[in-house]
Amino acid sequence: MTEIETTNFIEQIVKEDLEEGKVGGVQTRFPPEPNGYLHIGHVKSMLVNFGTALKFGGKCNLFFDDTNPSKEKTEFVDAIRRDIEWVGYRWAKEVYASDFFDVIYDYAEKLIHMGKAFVCDLSAEEISASRGTLTEPGKESPYRNRTAEENLRLFREMKAGKYPDGSKCLRAKIDMASPNINLRDPVIYRILRATHHRTGDKWCIYPMYDYAHPICDYLQGVTHSLCTLEFEDHRPLYDWVGITLGFSPKPRQIEFARLNITNTVMSKRYLKKLVEQGLVHGWDDPRMPTIAGLRNRGIPPKALLSFCAAAGICKADSVCEQSYLEHFVRDELNASAERAMAVVHPLKMTIVNYEGEEETEFAVNPTLENSPVRKILFGKNLYIEEEDFSLAPPPKYNRLKEGGYVRLKGAYIVRCDEVVKDGEGNVVEVRCTYIPESRSNHDTSGLKVRGTIHWVNADRCVDAVVKNYECLLNDAAYDGQDFDERMNRESEKVIEGVKAEPYLAAAADGTPFQLLRTAYYKKCTEANGKLCLSFIVSMKDSYKKS
RNA sequence: UGGGGUGUCGCCAAGCGGUUAAGGCACCGGAUUUUGAUUCCGGCAUUCGUAAGUUCAAAUCUUGCCACCCCAGCCA
C-alpha cells in the first residue's frame, strides 16, 4: 500500500502524543460492525485508521465490533475483509469483540465489586422513562443500591440464563443527573438470546458498545481510537470505563466528521433496506455507494482514497459535491484504463472509394507518453455515432456535415459526399470518400480537419449490451417517501444497439459488459454534447480478468 | 430554553497573533491536441458566521449573539 499524502488534525495530535512521550508507538483499529457492507464512507475511516498508523510506523488492526448478534453475520465479515483488501490496506491482526467476551464479562464483575455497576430490573420502557430529558435530570433506579453480593449473584444468574430477555440488565452506576445523557447509568449488559455468528449460543448476555469498546481497544493496545463525530458525547463514558477499570495507558478517543456526498445515501440502514426490498440487485449493485458497488462500476480503489484524502479529515460537517469524487475517478482512469471504441447510437458510414481491409495503428492512450499501441481493422463499412453527423450543424460544430471533412480516429480523413435518408427524412447512412494520403501517422495530405470521431468496423464489430448506471443512489429526495420508487425507476438503463470493437467483447469474455458512463464521461459529454465512449472503458474486475 | 460540537470563495479545505488568506473541485479565459477529452498556462475571498473588545498587529485571543449538526436504543 503506497501511502496517501495526508495532513490533518488527528495526525497532529498523534504526533504530539508521541513527542510528549504519552505513547511509545501508534496502534489503531478499523472497527466496522459486521452488519452490512462497507461503503465509501468507510474508505475515509480506513484512510484515517490505517493511514495514521502507516504514517507513524504503527499498526492497525481489523476489529469487528460484534457485540450485537441479532444484526451480525459471517457473510458481512467476509465481504468486509474482501473490500478492505481491494482498497489496498493490510491489517496487523484480525480481532473480534467476541474474542474478548470472557474478559469483558470479568471486568463487569469487577465493576460490580467496586460498586460501580448494578443489576437493574426495570424494563426498557421504564428505563427510558426514568432517564429524564435533555433538560431534566433522570431518576435513579430503585435497584441502584443493591449490595455488591446481590448484584454479583444476579449478574451470574443472568449469565446462566435464569432470566428472560429484557427482564434485567447491568447498568453502570454513574450519575442520573448528568447533563450528558450517556452518563445517566447507561446499560452495559443486556440479556439477549440470539445466536452469535462466532460464539454461537454460548452467551445469553451481551455487552453494549459503550462498555465493550474501550475494553477491546485497551486489550488490543490501541493508542488512538479514531471514530466519527456522533461519538463525541460518548467519550466521557469511554473514559469513565478506562479510568474506573484502571487502564494504563488508556486509549485516547478522537472524533472526525463522517464523509457526505451530495445526493448520495450513506446510511447503512437505508442501504440495507434497498437490498432487502430487492430494489437493487444486492450490496454490490453498481448503483450502490458500497465499496463493492463502486468496484463493480469500475472505479479504481486509488480514486476512492485520493478523493477521501483530498476531501480532508476534520471536524466540520460538510458535504462534498459528486463532481469532486468524479474528478479523482477520471484522473485515475485516465492514467490507467484501457481504451477502446464503441458506438452507442450507430449511423452507417460507407467509404465509397475504399475496398478491402487494412490494419491501422491506434494509440491506446494518447495522453500517456508510452501509450501501448493496438491495431484495428479499417474497412469499407463502418458505424459512426449518430451525434457525430449533423444536417444542420450549429456554429463551431467540428464534426461531420454534408460536404465536410472529419478524421476517423486512428484512420483516415473522410469527406461526406452523400446523405441517405429514409421515407421520413431520417438520416440512415452517410456515404463518404476517404483521402488515401491522410492515413493516421502517415498523413501527407496537408489537410487540416478540426474534428476527430470514433467509429467501428461494421463487418467486424459486435453487438454489445451496455448497462448505463446513471443514477448512483443520487436522488435529492432520498429522504422522502418516493425515494424507493424513483430509485427503482430511474437508476438502471440498458442501452441497446451498441456496436463495439471485437476487442471489447474479447476483454469481456463474451459477457455483456458495462460501459460506465456517468463519472468518467461526464465531463466530455457536457463539453461537446455527445457521449464519448471511445476513450475510457472501465469494466467490472471480474470481466477484466479474462 | 440541558449538554457536546462546528462555522474561512458555489463545494471541500489549509491556517494555531505579523503570510499579498495555501491547495483541490467547479467555473471562466488562452495555448497545444488524431475525439470539444487529456495536457499546459492564466483568472477566480482587501476577507475569514456576526457584533463588540484586547493588541502596534486578530481568521487566529476574549465576550455576547446568530446558524447548523449530534445526544433521551437493553443499536453501533
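Along each chain, the written sequence defines residue order, and numbers are assigned to residues from 1. Each chain gets a letter, beginning with A, and each ligand a number, beginning with 1, in the order they are written. At least 70 in pLDDT is required for a residue's local features to be given in this predicted model, at least 80 for side-chain atom pairs to be given and counted, and no such filter applies to totals for whole chains, interfaces and linings, which use all residues. Hydrogens and waters are ignored; side-chain quantities use all the structure's heavy atoms.

What follows concerns the overall build of chain A. Strands here are runs of E lasting at least two residues and helices are runs of H or I lasting at least four, both read from the DSSP assignment and numbered beginning at the N terminus. Counting its regular elements, chain A contains 16 helices and 23 strands. In this analysis, two residues are considered to be in contact whenever any of their non-hydrogen atoms come within 4.5 Å of each other. For chain A, the proportion of contacts with a sequence separation of at least 24, taken over those separated by at least 6, is 73%. Calculation of accessible area relied on Shrake-Rupley with a 1.4 Å probe; when residues are assessed, cover is drawn exclusively from the protein chains displayed. Accessible surface, chain A: about 24200 Å² in total, of which carbon and sulfur atoms supply 48%.

A volume near 1100 Å³ is recorded for the largest pocket. Along the walls of the largest pocket sit 38 residues, with E33, E230, F231, R258 and K268 positioned nearest its centre. Elements with a contribution of two residues or more to the lining of the largest pocket: β1 (27-30), α2 (40-55), α7 (209-220), β8 (224-228), β9 (252-256) and α9 (268-276). Along the lines of polarity and charge, the residues of the lining of the largest pocket split into 12 nonpolar, 13 polar and 13 charged. When residues of the lining of the largest pocket are assigned to domains, at least three map to each of domain 1 (9-256) and domain 2 (259-340 + 462-546). Only protein atoms enter the 1 Å grid used here. Points where a 1.4 Å probe fits but cannot escape make up a cavity, open sets with protein on both sides within 12 Å along at least five of seven lines make up a pocket, and a residue lines them when an atom lies within 4 Å of a point. Grid points are joined across faces, edges and corners, and a volume is the space filled by probe spheres set on the points. For this classification, Asp, Glu, Lys and Arg are treated as charged, while Ala, Val, Leu, Ile, Met, Phe, Trp, Tyr, Cys and Pro are nonpolar and the rest, including Gly, are polar. Residue ranges assigned to each domain were obtained from an automatic or database domain assignment.

Per-residue pLDDT for chain A averages 86, and the proportion of residues at 70 or more is 84%. Counting contacts from residues 471-482, a segment whose pLDDT is below 50, to residues more than four positions away or on other chains yields 37 contacts. pLDDT gives the predictor's per-residue confidence on a scale running from 0 to 100. A low-confidence stretch, residues 508-546 (pLDDT under 50), is modelled with 111 contacts involving residues beyond four sequence positions or located in other chains.

The next subject is the pairing of strand β11 (residues 346-351). Any two strands with at least two DSSP-identified bridges between them are counted as paired. Relative to strand β14 (residues 381-385), β11 runs antiparallel, the two being bridged by five bridges. In the strand pairing of β14, M349 is matched with L382. In terms of strand pairing, β11 meets strand β19 (residues 427-434) through four bridges, oriented parallel. Among the inter-strand pairings, M349 is bridged to a residue of β19, identified as V430.

This part takes up the nonpolar core. If you look at the biggest cluster of nonpolar residues, it comprises 46 residues, and the most contacted ones within it are I40, M46, I84, Y89 and F307. Of all the secondary-structure elements, those providing two or more residues to this core are α1 (9-19), α2, β2 (59-64), α3 (74-87), β9, α10 (291-296), α11 (301-311) and α12 (322-336). Counting residues per element, this core draws most heavily on α2, at seven residues. Of the residues that make up this core, three or more belong to each of domain 1 (9-256) and domain 2 (259-340 + 462-546). Residues belong to a common nonpolar core when they are buried Ala, Val, Leu, Ile, Met, Phe, Trp, Tyr or Cys residues joined through side-chain atoms within 4.5 Å. Burial here depends on accessible area, computed with a 1.4 Å probe over protein chains only, as a share of the maximum for the residue type. Under 20% is buried, over 50% is exposed, and the range in between is partly exposed. With 39 residues, the next largest nonpolar core counts L111, M158, A172 and I215 among its residues.

Going from S248 to P249, the amide bond is cis rather than trans, its omega being 0°. Backbone geometry at D185 places phi at a positive 45°, although glycine is not the residue there. With respect to the helices and strands, D185 occurs in the loop between β5 (169-172) and β6 (187-191). Owing to a relative accessible area of 1%, D185 belongs among the buried residues under this scheme. Residue N441 is not a glycine yet carries a positive backbone phi of 70°. Looking at where N441 falls in the secondary structure, it is placed in the loop between β19 and β20 (452-453).

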